[in-house]
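Understanding the architecture of this molecule
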Amino acid sequence: MSEMLSGAEILCRALVDAGVEVIFGYPGGAIMPFYHALPDHPRLRHILVRHEQAAAHAADGYARASGRVGVCVATSGPGATNLVTGLAAAHMDNSPVVAITGQVSRPMIGRDAFQETDIIGITLPITKQNYLVQDVTELAEVVAEAMAVALEGRPGPVLIDVPKDVQNQKIEYGAPRARARGQSRPLTPGASGGLEDGVRKAARLIAGAERPLLMVGHGVILAQAYAEVRALAEKTGIPVITTLLGISAFPDGHPLHLGMPGMHGEVHVNRAIQNADVIIGIGLRFDDRVTGNTASFAPQARIVHIDLDRAEIGKNVPVAVGIVGDARDITRRLVAAVEPRRCERWVEHIHGFVRTRAESYRGDLSPEAILASIYEASHGDCTIVTDVGQHQMWVAKLYPYQRPNTHITSGGLGAMGFAVPAAMGVHLARPNGTVWAISGDGGFQMNMAEMATMVQEGLPVKMAVFNNGYLGMVRQWQQFFHEKRYSCTPIWSPDYVKLAEAYSIPGYRVKEASELAEVVARANAQPGPALVEFMIEQEANVYPMIPPGGSLSEPIEAAPAGAAGD
Amino acid sequence: MSGVAPPSPSPSPSPAAHTVAVLLDDALVTLNRAFGVLRRRNVPIEGLALHPSGTAGESRLTFVLKADAVTADRVAQQFHKMIGVRSVMVLANDDSTTEAKR
């Protein structure tokens, strides 16, 4: 039996049929037919954000935490353009997000109508695929295809632009036909000379290596290859480096875990890279924040690169062996192919590179102490979502991650304002877990309006604001590279405790380390959202630091002469 | 050609020319996305031509890439993973032809 349905009703049904449970969105003129149909579909829980950017970041956070597609909805024009930063973040970090935007009615397209923008054109380079639905008969299939495209292969965002008259158009609705999609082929595994040959070559390189390293990235989390990577490390004794987006793919505190590489990687991690003779990279793209100057990156190493995307192999660094495939599948094959071995002398050698630094913090209120208090209060069982800047690097380096995929951050795009909305998405993906959004005073102020969303929708996100009165990472660059001219980096903040109160959220301020344990535990135990402001040292820096474009061999380990501050 | 970013310094002094032929859906959004790959990846292009391929609903995009084989392959891979692209051929100056592997 078929029935007459509007495009908007079909859109809702298609989302339900695709298994969607949560939508982050904001209504407006061109998407009103969809919002009119939405209440008839109670399975679709709608979260009303305060800015469409937050809808996209929240959908991204939801996708990363759940492994399912995150969905966001906006109207045409400003609604659609406000999604752009969130879609770019999802694109850079391979997060499966589907964005649905209203568009002006078909007869108005191209006439510069009210709230018309070419969102297809705007989002072409930051989406895997996008669709302008010109015919309501295609709508259900387009939604099904978009959900599949977002998830398959290397995940990423997809946008569906639906003109208002298409949403209103009624058709006789039957079961959606499967759309012929000959063009979207799954990425097939392989290597030059064949997959097995690639794995054999990699195993031979490992067997002959004196100073091998494993470098694991986001691909390991996307493929859930945790056990396989651990088995490879433990069978061979090869120490493991986790990139910013690979953090939590391998447990902190494991004797083989070294830490994060690159611009703010610890000295011993980068030295290990510079001294390695073989590097096995799994699910990472060797981006510039990891490699520094590629000409001097890992000068002695032959690189084995395992990635799902053939276009990544050899893109940034030359590789000896490139293997295209799913991180879990390829790593499992590699575990079977390698002979057991140890690397004790090499690991000992790396430990000899470890440096301790004299850091200066405000009293004892160090980033390390703050993060330890969050770890204690949550019994080591929470998801940390970070923003971008100094606090992000401190968390990446200092938080002792034990459980896989509990560290979520905007890595590739580096979008300030990400943490608070993304944490809302993480909560909805993991409703029984605790989620902390950690931001600086700059990034927090970008999306702090989402506190209202948390209250209205009942999202118990715990917010930590590292307040140093500066856009700290930019100030650090100014100190190191711009003659300490702190141009436009001092930033005023409102009284966050009063602000929280205005939103009917418990707010706390921590000035001394002695207050940490009690306050953080109180905030963590709140049934709803809570905010804690940490008054940290104003001019603390993130050490060490490889200058942009510099060599991993030449870290800055203290403030340059003449640059005061610490 | 105008409208394309200037070539970045090439790794070898006189890079070989490669002709790249992309067969893809004859849909404006696909073609737009394909041009976007060339612009976005900042690769040195010398000629750009778009014709019907002879198969219904399919276009052939050809361009000359002033770059070495490694760069040509990298560009081919970026096209190959694009939805709507059906095949990518790289023709080297010595007339050898390779189909981009995925």
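For every chain, the first residue of its written sequence is number 1, and the numbers climb from 1 along that sequence. All chains are assigned letters beginning with A, and all ligands numbers beginning with 1, in the order in which they are written. The predicted origin of the model limits local features to residues at a pLDDT of at least 70 and limits the giving and counting of side-chain atom pairs to 80 or more, whereas totals for whole chains, interfaces and linings rest on all residues.

**Quick look at the overall build of chain B**
In terms of regular secondary structure, chain B is built from two helices and five strands. Only runs of H or I of at least four residues qualify as helices and only runs of E of at least two qualify as strands under DSSP, and these elements are numbered from the N terminus. Counted from the first residue to the last, chain B has its helices and strands arranged as β-α-β-β-α-β-β. Note on burial: count the other C-beta atoms lying within 10 Å of the residue's C-beta; 20 or more is buried, 12 or fewer is exposed, in between is partly exposed, and C-beta positions come from the backbone. In chain B, which comprises 102 residues, the proportion classed as buried is 28%. Contact criterion: two residues are in contact if their C-beta atoms, reconstructed from the backbone, are within 7 Å. In chain B, the proportion of contacts linking residues at least 24 apart, taken out of those at least 6 apart, comes to 65%.

**A short note on the domain arrangement of chain A**
Residue and element names in this part refer to chain A. Domain delimitation in this document rests on an assignment produced automatically or drawn from a domain database. The assigned domain composition of chain A is domain 1 (3-173), domain 2 (195-351) and domain 3 (367-535). Opposite the 14 residues of domain 2 that make contact, domain 3 presents 13 residues. Classifying every residue of the side of domain 2 that touches domain 3 by side-chain character gives eight nonpolar, four polar and two charged. When residue character is reported, Ala, Val, Leu, Ile, Met, Phe, Trp, Tyr, Cys and Pro are called nonpolar, Asp, Glu, Lys and Arg charged, and the others, Gly included, polar.

**Concerning the environment of Q274 of chain A**
All names here are of chain A. For Q274, the location among the structural elements is in helix 12 (residues 267-275). What makes Q274 partly exposed here is the crowd of 19 C-beta atoms within 10 Å. Taking C-alpha positions, Q274 is 7.9 Å from A301, a pair spaced 27 residues apart along the chain. Excluding residues within four positions of it along the chain, Q274 makes contact with A298, P299, L552 and S553.

**So, the nonpolar core**
Ranked by internal contacts, the top residues of the largest apolar core, which has 185 residues, are A55, C72, V97, V98 and L214 of chain A. Among residues more than four places away in sequence, those in contact with C72 of chain A are F24, G25, A55, A56, A59, L83, V97 and A99 of chain A. Core analysis: the second largest hydrophobic core is formed by 18 residues, V43, F63, A67 and V90 of chain B among them. Working definition: the nonpolar core is a set of buried Ala, Val, Leu, Ile, Met, Phe, Trp, Tyr and Cys residues, joined through C-beta atoms within 7 Å.

**Regarding the interface of chain A and chain B**
With 16 residues of chain A at the interface, the matching set in chain B holds 16 residues. Grouping the amino acids of the side of chain A that touches chain B by side-chain chemistry returns six nonpolar, six polar and four charged.

**Let's talk about the confidence of the model for chain A**
A residue's pLDDT is the predictor's confidence in that residue, given on a scale from 0 to 100. The predicted model of chain A averages 94 in pLDDT, with 95% of residues at 70 or higher. Across residues 182-186 of chain A the pLDDT falls below 50, and counting only partners more than four positions away or on other chains, this stretch makes eight contacts in the model.

**Some remarks on helix 23 (residues 516-525) of chain A**
Residue and element names in this part refer to chain A. Within helix 23 the residues assigned to the buried category are L516, V520 and A523. Down the axis of helix 23, the buried set is contained in an arc of 60°. They therefore lie on one face. The secondary structure elements touched by the buried residues of helix 23 are helix 16 (367-377), strand 18 (462-467), strand 19 (507-510) and strand 20 (530-535). This arc describes the spread of directions from the helix axis toward the C-beta atoms.

**Examining the sheet that holds strand 7 (residues 158-163) of chain A**
All names here are of chain A. Strand order in the open sheet formed by six strands is 3-2-4-5-7-6, and the pairing between neighbours is parallel. Each end of this open sheet is capped by a strand with a single partner; those strands are strand 3 (45-48) and strand 6 (129-132). The average undirected angle you get between the axes of adjacent strands in this sheet is 20°. Here, a strand pair is defined by DSSP locating no fewer than two bridges between the strands. Inspection of the sheet shows strand 2 (residues 22-25) paired to strand 3 by four bridges, in the parallel sense. From the neighbouring strand, V22 faces strand 3, where its bridge partner is R45. Note on method: axes are straight lines fitted to C-alpha atoms, helices fitted across the in-contact stretch only, with angles between N-to-C directions ranging 0 to 180 degrees. The strands touched by helix 3 (residues 52-66) are strand 2, strand 3, strand 4 (70-74) and strand 5 (97-103); relative to strand 4, the strand with the most contacts, the crossing angle is about 170°.

**Here we look at unusual backbone geometry**
Residue and element names in this part refer to chain A. For the bond running from Y543 to P544, omega is -10°, close enough to zero to count as cis. On the secondary structure map, P544 appears in the segment after strand 20. Despite not being glycine, S248 shows a phi value in the positive range, around 85°. Judged by local crowding, S248 falls into the buried class, with 22 C-beta atoms found within 10 Å. Of note, the phi angle at N405 is positive, near 55°, even though the residue is not glycine. Examined against the element boundaries, N405 turns out to sit in the loop between helix 17 (390-398) and strand 16 (407-409).

**Here's the deal with the confidence of the model for chain B**
All names here are of chain B. With 76% of its residues at a pLDDT of at least 70, chain B reaches an overall mean of 82. Segment residues 1-13 is flagged for pLDDT under 50; beyond a separation of four residues in sequence, or across chains, it makes 14 contacts in the model. Scoring of the predicted complex yields 0.93 for pTM and 0.83 for ipTM.

**Quick notes on the environment of M89 of chain B**
Residues and elements named next belong to chain B. Checked against the element boundaries, M89 lands in strand 4 (residues 85-92). Overall, the presence of 16 C-beta atoms within 10 Å leaves M89 in the partly exposed class. Note: C-alpha distance between M89 and A67 (22 residues apart in sequence) is 15 Å.

**What to know about the packing of helix 16 of chain A against helix 17 of chain A**
Residues and elements named next belong to chain A. Two elements in contact, helix 16 and helix 17, have axes separated by 10 Å at closest approach and are oriented at 65°. Judged by the sense of rotation from one axis to the other, the crossing of helix 16 with helix 17 is right-handed. Residue-level contacts link P367, E368 and L371 of helix 16 to H391, W394, V395 and L398 of helix 17. Looking at the contact of helix 16 with helix 17 residue by residue, the classes come out as five nonpolar, one polar and one charged. Crossings are classed by handedness, with left-handed meaning an anticlockwise turn of the near helix from the far one by less than a right angle and right-handed meaning a clockwise turn.

**Quick look at the pairing of strand 1 (residues 17-25) of chain B**
All names here are of chain B. The pairing of strand 1 with strand 3 (residues 58-66) spans nine bridges and is antiparallel. In the sheet register, D25 faces strand 3, and the bridge partner there is E58. Alignment of strand 1 against strand 4, held across seven bridges, turns out to be antiparallel. Note that in strand 4 the partner of L24 across the bridge is V85.

**Some points on the packing of helix 16 of chain A against helix 23 of chain A**
All names here are of chain A. Following both chains from N to C, one finds helix 16 and helix 23 inclined at 45°, their axes separated by 9 Å at the closest point. As summarised for this structure, helix 16 and helix 23 are arranged oblique, according to the angle between their axes. For the element pair helix 16 and helix 23, the recorded crossing hand is right-handed. Of the residues in helix 23, those in contact with A369, I370, S373, I374, E376 and A377 of helix 16 are L516, A517, V520, A521 and N524. Here the word oblique covers every angle except those under 35 degrees (roughly parallel), over 145 (roughly antiparallel) and from 65 to 115 (roughly perpendicular).

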